[in-house]
Amino acid sequence: MSEFNHREIEKKWQQVWEENQTYKVEIDHSKPKFYVLDMFPYPSGAGLHVGHPLGYIATDIYSRYKRLKGFNVLHPMGFDSFGLPAEQYAIQTGQHPAITTENNITTYISQLKKIGFCYDWSREVRTSDAKYYKWTQWIFMELFNSWYNNESNQAEAIETLYAKFAVNGTTGVKAVCGDDVLSFSADEWNSFSESEKYKISLDYRLTYLSDAVVNFCPALGMVLSNDEVKDSVSERGGYPVIQKKMQQWMMRITAYADRLINGLDLVDWSDSLKEQQKNWIGRSVGAMVKFAVEDKPTTIIEVFTTRVDTIYGVSFMVLAPEHELVASLTTLEQKENIENYISETQKRSELDRMSDVRTVSGAFTGSYCINPFSGEKVPIWIADYVLAGYGTGAVMGVPSGDQRDWNFATHFGLPIVQILDGQVGIETQADATKEGKYINSGMINGLGYKEATAKLIAWLEERSIGKGKVNYRLRDAVFARQRYWGEPVPVYFKDGLPYLIDSQDLPLVLPEIDKYLPTEDGEPPLGRAEGWNYKGNEYELSTMPGWAGSSWYWFRYMDAHNDEEFASKEAIDYWQNVDLYLGGTEHATGHLLYSRFWNKFLKDRGYVPQEEYAMKLINQGMIMGRSSFVYRVKDAEKVTFVSYNLKDNYETTKLHVDVNIVENDILDVEKFKSTRNDIGDDPQFILEDGKYVCGSEVEKMSKSKYNVVNPDTIVEKYGADTFRLYEMFLGPLTESKPWDTRGIEGTYRFVRKLWRLFFDQNGKYLVIDAEPTKDELKALHKTIKKVSEDIEAFSFNTSVSSFMICVNELSDLKCHKKSILEKLVVILSPYAPHVTEELWQILGNSESITIQEFPIFDAKHLIEDSFEYPIQINGKVRATLNFPADMSKEEIEKLVLENELVLKWLEGATPKKIIVVPKRIVNVVA
């Protein structure tokens, strides 16, 4: 093929790779392994836009490079295919979500294959495939059958807990469990029935049922995760979301809080990402304190505080509106206010409540509790800045030391008590200092912070009304969604208790239902399934959340078709963990925490060897859209649009226009008129030189902004190789950058210029067997060195620049030497696999370029033989002279003073001084 035709070349090689299974990988102990993983994509109906493949191109380049460096590379792809969008579409159309999902995946795969990724498609997995979610259900069952032993600091089989109870009862058992577990002796345990023992064990298992405050969307009939709620409405559909207490399956991720923090020291992740995780987990050291309610000595409000030293400054108690004691503490006089306040609070998401630090609101319950140290009455309020799921859902208000408490006390006229002589200006704001000595603080008056804290905690523990404690902001994870399109929970209910189905009955497959809405009784959609029960017992009707299937998928890629286990020991021991993981920052505190939790659990139970599964993680930046705008003239008799440079002569409104009908800022007016139904039948256009020029702006890529660019369009016009190179050329991988189709022309010219090193414009083959020159070898090895360093540093944009420089230099040198060009196409092949595979074959090679060795850099080719010195005479450069690079200063000085041109400029004068700076300059002063 002497003419460059990207369509034919790319179609040809994609077909060859698929037919030959070029990218299929097996366990190979003769090579070092390398595991490259892209974050699981959700296959939306819109397909890919040009921003999506950025990370995939980067991992593809790295995977191809590591293959060329001799590694056995696992680079798989699959789909996180359970999701709310497919279910919403099913509700609207009646079409089964499986059909929508299959269609979307087909589109995604087609688009991905057109870009030439080296995925091993034989390992593709889908979370909605029963063969896959069988093992998600199995992991759930393993979690249910486990407890966390704080003594061994790991999860263990529930049978070991039974064994401890049988010998010592609850004495000495250090378990992560519910707050109000029953205490019993070994004799009492052994006298319990099996049913009683089982019921007790439910408070210790790593997945359990509990009442939890959740984001409930009545219109959707389901619970939503925090990231599915924006500004108190559902992200999908914009329906109101309220806070509601419901019985939910929970995962005891809090058992792993310390290990989730400590494990960050083992991985190569960005400091900002690690910090996000640490902040989300929120480890804090403090004390639990019990406040008895006035006139109700058996009713206790327990708080966790990191500043027990401030307890004499408590002037009010605040409960979360959802706190279980609110109803019983509310007096008749305050009942209406409290109910109204709770109703308003339910309309706000937890995220809104946490982030809104300016608004002060609350309601008094009418009841009081007693400060255990001072004996003083403390009024009990409710306020939405306290959340039921954080700590105990109760906060002691110390306005002199906490700004939010100060704002609350000031707003409601509550006392502000100074507790340290080092506090200043508390009339105008809180002062959280720990400096100075305590005042107005009973038993700790005159003490410093450390002494006071130790004394107070000891006093609490002696009286069993509190204790020192490490607490976490992290909460146990809600593990249920009241929707259809998700993994069924392998649980049935008997006598009100949850039981696992037999493992031999996995997978528990989603049943067919008539429609995908909650039942008339308000049950989740699975309540519609007829005859769906387990041996006559009702199944759990909620399904697993979206993060379930994505919390272990990297293991399934290792052994995707194993029907006997989630992955074989051989596969797990060989592939070990992910060496490079790449995805967006939006998963920092969701997927990455949950998946690390599941990985640690599987390690505890002996199924995997690694504490952390993703050793290096890179968050790619976002490709922003370049929006185009037209300008509509206000108050015109007919709909009129004025070109960009003329708009200041009119009063206009700015409208987004489809970027796909704009080229170099020039609007295709006819396409605009035919594709927009909101501009009237015969709009008028005020043009510049016969053209309509659009304005532009960089924004997030979105359909609503008409700035989405389909990669299929780019690949069709310019080719996948050009597209891949251009995406990398846009800027550093981790930074956001704007997409501008205009710039792709330069990258396309580069690919054609590369082709011209092999064929001239008439199609004549130019490649020859000849010894390369020093300059040609220098150009090549300079590129080998730079590209190797850049790929290892994930600096792909500078690699593309190096390729362009190299091809320009070789073109200027008229280099058509086979020995140079062969190495060049191998270096370039990770970036532009189609054209390089074609050129490799044209060079006479029969084996694929993908199995070659990456060229070795030889430093000797970069050593300079000579240096061209500027000769400065009396402050001005008058000549340049070439000398060997290793020539001594004395020899250079001698030859300069003998040079005719230098002698001419000296005009017979004898030099007073001559300064030679090696490989820099020669300065002659006369």
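Position numbers for residues start from 1 in each chain and track the written sequence from start to end. Note on the predicted model: pLDDT of at least 70 is required for a residue's local features to be given, and 80 or more for side-chain atom pairs to be given and counted; whole-chain, interface and lining totals, by contrast, use all residues. Side-chain numbers here rest on the full set of heavy atoms in the structure, without hydrogens or water.

Check the secondary structure of the chain and you find 28 helices and 35 strands. The dimensions of the chain, computed from C-alpha atoms along their principal axes, are 110 × 80 × 80 Å. Counting all 926 residues of the chain, 53% fall into the buried class. Any two residues whose heavy atoms approach within 4.5 Å are treated as being in contact. Relative to all contacts within the chain whose residues are 6 or more apart in sequence, the contacts with residues 24 or more apart total 71%. About 41600 Å² of surface is accessible on the chain, with carbon and sulfur atoms providing 47% of the total. Residues counted as positive are Lys and Arg, residues counted as negative are Asp and Glu, and His and the chain ends are not counted. By convention, the charge on Lys lies at NZ, on Arg at CZ, on Asp at CG and on Glu at CD. Here the chain holds 103 positive side-chain charges and 133 negative ones, and the gap between their average locations is 4 Å. Runs of H or I in DSSP of at least four residues are treated as helices and runs of E of at least two as strands, each being numbered from the N terminus. Note on classification: 1.4 Å probe, protein chains only; a residue is buried when its accessible area is under 20% of the maximum for its type, exposed when over 50%, partly exposed between these limits. Accessible surface is estimated by sampling points in the Shrake-Rupley manner with a 1.4 Å probe; for residues, cover comes only from the protein chains shown.

One ladder, built from four bridges, connects strand S18 (residues 491-494) with strand S19 (residues 497-500); its direction is antiparallel. Residue pairing in the sheet places Phe493 in a bridge with Pro498 of S19. A pair of strands is labelled paired if DSSP reports no fewer than 2 bridges between them. Hairpin connection, S18 to S19: the antiparallel pair is bridged by two residues, and Asp495 has positive phi, about 55°. In the sheet, S18 pairs with strand S21 (residues 537-539) via two bridges, with the strands oriented antiparallel. Across the sheet, residue Tyr492 finds its bridge partner in S21, namely Tyr539.

Pairing within the open sheet is antiparallel, and its four strands lie in the order S19-S18-S21-S20. Looking at strand neighbours, the two that pair on one side only are S19 and strand S20 (533-534), the edges of this open sheet.

Here we take up the sheet that holds strand S22 (residues 580-583). Sheet strands line up and pair through hydrogen bonds in the backbone, either parallel or antiparallel. An order of S2-S1-S22-S23 is seen for the four strands of this open sheet, with the pairing classed as parallel. Strand pairing shows two members of the sheet lacking a second neighbour, strand S2 (72-74) and strand S23 (617-619), which therefore form its edges. Averaged over all neighbouring strand pairs, the angle between strand axes comes to 15°, with direction disregarded. Alignment of strand S1 (residues 33-38) against S22, held across three bridges, turns out to be parallel. Opposite Val36, over in S22, you have Leu580 as the bridge partner. With axes taken as lines fitted to C-alpha atoms, and helix axes fitted only over the stretch in contact, angles between N-to-C directions fall between 0 and 180 degrees. Sitting on the sheet, helix H2 (residues 53-68) touches S1, S2 and S22, and the angle it makes with S1 is about 170°.

Now for the layout of surface pockets. Cavities and pockets were defined on a 1 Å grid built over protein atoms only: a cavity is a set of grid points that admits a 1.4 Å probe from which the probe cannot escape, a pocket is an open set flanked by protein on both sides within 12 Å along at least five of seven lines, and lining residues are those with an atom within 4 Å of any such point. Grid points are joined across faces, edges and corners, and a volume is the space filled by probe spheres set on the points. Here the second largest pocket is characterised by a volume of approximately 890 Å³. In terms of lining, the second largest pocket is formed by 28 residues, of which the most central are Phe304, Thr305, Thr306, Val395 and Asp402. Tallied by class, residues from the lining of the second largest pocket come to 13 nonpolar, 10 polar and five charged. Polarity classes work like this: nonpolar for Ala, Val, Leu, Ile, Met, Phe, Trp, Tyr, Cys and Pro, charged for Asp, Glu, Lys and Arg, and polar for all others, with Gly in that last group.

Moving on, we get to the pattern of salt bridges. By convention in these notes, a salt bridge is any Lys or Arg side-chain nitrogen within 4 Å of a carboxyl oxygen on Asp or Glu. This structure, assessed with the given rule, holds 51 salt bridges. Between Arg126 and Glu102 there is a salt bridge whose closest N-O contact spans 2.7 Å. Taken together, the residues span a long stretch of sequence, with Arg126 in the loop between helix H4 (97-114) and helix H5 (130-144) and Glu102 in helix H4 at a distance of 24 residues. Since its relative accessible area comes to 37%, Glu102 is described here as partly exposed. A salt bridge links Arg463 to Glu462; its shortest N-O distance comes to 3.2 Å.

Moving on, we come to the packing of aromatic side chains. We call Phe, Tyr and Trp rings a pair once their centres come within 6.5 Å, taking the six-membered ring for Trp, and we label the pair stacked below 30 degrees between planes, edge-to-face above 60, and tilted otherwise. This model, assessed by the stated rule, comprises 76 aromatic pairs. Ring centres of Trp381 and Phe412 lie 4.5 Å apart, and the angle between their planes is 45°; on these two criteria the pair is classed as tilted. Taken together, the residues span a long stretch of sequence, with Trp381 in strand S14 (residues 377-382) and Phe412 in helix H14 (residues 403-412) at a distance of 31 residues. Consider the rings of Trp547 and Trp598, whose centres lie 6.2 Å apart with planes at 70°: the pair is edge-to-face. Highlighted residues: Trp547 in the loop between S21 and helix H16 (553-558) and Trp598 in helix H18 (residues 591-604), separated in sequence by 51 residues.

With respect to the helices and strands, Glu142 occurs in helix H5. Non-local contacts of Glu142, meaning those with residues more than four positions away in its chain, are made with Phe601, Arg605 and Tyr607.

Moving on, we get to the environment of Ile871. Structurally, Ile871 is set in strand S32 (residues 866-873). Assessed through its relative accessible area of 0%, Ile871 is described here as buried. For the pair Ile871 and Ala98, spaced 773 residues apart in sequence, the C-alpha to C-alpha distance is 77 Å. In this structure Ile871 touches Lys876, Val877, Arg878, Ala879, Thr880, Leu881, Val896, Val902 and Val922, once residues within four positions along its chain are discounted.

In this approach, a probe sized like a water molecule rolls over the atoms, and the result shows the empty space that is left. On inspection of all chains with the given rule, the structure shows three cavities of 30 Å³ or more. When its volume is computed, the largest cavity comes out at roughly 70 Å³. Around the largest cavity, the lining residues are Tyr23, Arg64, Arg67, Leu68, Ser829, Pro833, Glu837, Ile849 and Thr850. If you list the elements that add at least two residues to the lining of the largest cavity, you get H2 and helix H26 (833-842). Of the residues forming the lining of the largest cavity, the biggest block, three residues, is contributed by H2.

What follows is about helix H24 (residues 796-812). Expected helix span is computed as 1.5 Å times (number of residues minus one). Spanning 17 residues, H24 covers 25 Å between terminal C-alpha atoms, matching the ideal 24 Å at 1.5 Å per step. For H24, the set of buried residues is Phe796, Asn797, Ser799, Val800, Ser802, Phe803, Met804, Cys806, Val807 and Leu810. Elements that come into contact with the buried residues of H24 comprise H2, helix H21 (720-729), helix H22 (744-755), helix H23 (774-792) and helix H25 (818-828). Positive phi shows up at Lys814, right after H24, with a value of about 50°.

Let's shift gears to the packing of H21 against H22. Where H21 contacts H22, the two axes come as close as 9 Å, and the packing angle between them is 125°. As summarised for this structure, H21 and H22 are arranged oblique, according to the angle between their axes. With respect to the hand of their crossing, H21 and H22 are arranged in right-handed fashion. In this structure, H21 contributes Thr722, Phe723, Leu725, Tyr726 and Phe729 to the contact, and H22 contributes Ile744, Thr747, Tyr748, Phe750 and Val751. Per-class residue counts for the contact of H21 with H22 are eight nonpolar, two polar and no charged. Orientation labels follow simple angle bins: below 35 degrees gives roughly parallel, above 145 gives roughly antiparallel, 65 to 115 gives roughly perpendicular, and whatever is left gives oblique. Take the far helix as the reference: if the near one is turned anticlockwise from it by less than a right angle, the crossing is left-handed, and if turned clockwise, right-handed.

With 91 residues, the main nonpolar core has Phe140 and Tyr581 as its most contacted residues. At nine residues, the largest contribution of residues to this core is made by H5. In this view, Tyr581 contacts Leu37, Asp38, Met39, Tyr553, His591, Leu592, Tyr613, Ala614, Lys616, Leu617 and Ile618; residues no more than four positions away in its chain are not counted. Throughout, nonpolar core names a set of buried Ala, Val, Leu, Ile, Met, Phe, Trp, Tyr and Cys residues whose side chains join them through atoms within 4.5 Å. The next biggest cluster of nonpolar side chains, apart from the first, holds 87 residues, and it includes Leu582, Tyr726, Leu754 and Ala779.

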